[in-house]
Amino acid sequence: MPITGADLARAALRAIGALDPTETGDAEDIADTLSIGSAMLDAWRNDNLTISGVTRSPYSLVANTQ
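Residues numbered from 1 in each chain as written. Predicted model: local features only at pLDDT ≥ 70, side-chain atom pairs only at ≥ 80, totals over all residues. Heavy atoms only, no water.

### What about the pattern of salt bridges?
No. 1: Per the stated rule, a full pass over the model turns up one salt bridge.
No. 2: Its salt-bridge partner being Arg-10, residue Asp-7 comes within 3.6 Å of it at the nearest N-O pair. You can see Asp-7 and its partner Arg-10 sitting in helix 1 (residues 5-15), three residues apart, about one turn around the helix.
No. 3: We classify Arg-10 as partly exposed; its relative accessible area is 22%. (Salt bridge = Lys/Arg side-chain N within 4 Å of Asp/Glu carboxyl O. Helix = DSSP H or I, 4+ residues; strand = E, 2+ residues; numbered from the N terminus. Buried < 20%, exposed > 50% of the residue type's maximum accessible area, 1.4 Å probe, protein only.)

### Describing a nonpolar patch on the surface
No. 1: Taken together, the side chains of Met-40, Leu-41 and Trp-44 make up a nonpolar region of the molecular surface, amounting to roughly 280 Å² of accessible area.
No. 2: For Leu-41, the location among the structural elements is in helix 2 (residues 27-46). (Patch = residues over 30% accessible without salt bridge, like charges linked within 9 Å, V, L, I, M, F, W, Y side chains within 5 Å. Areas by Shrake-Rupley, 256 points an atom, 1.4 Å probe, with all protein chains shown as cover.)

Below you can see the structure in the form of structure tokens.
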């Protein structure tokens with residue numbers, strides 16, 4: 001099951017203690033949390049603090065070869 005933005009917002013609100021673990025949060029709180037998170041990511045992007053992607057380059061290792 002994919003994680004949605006609302007799931008991340010609820011997790012953030014629970015982590016800071018603003019939302020009880022049994023609550024789902026109202027739409028206004030979720031929207032505010034997503035807006036603040038988006039603004040934070042934009043600020044990090046402006047400061048070059050985000051990683052846009054990682055290129056994986058696998059190599060086969062063979063004994064006694066260069």
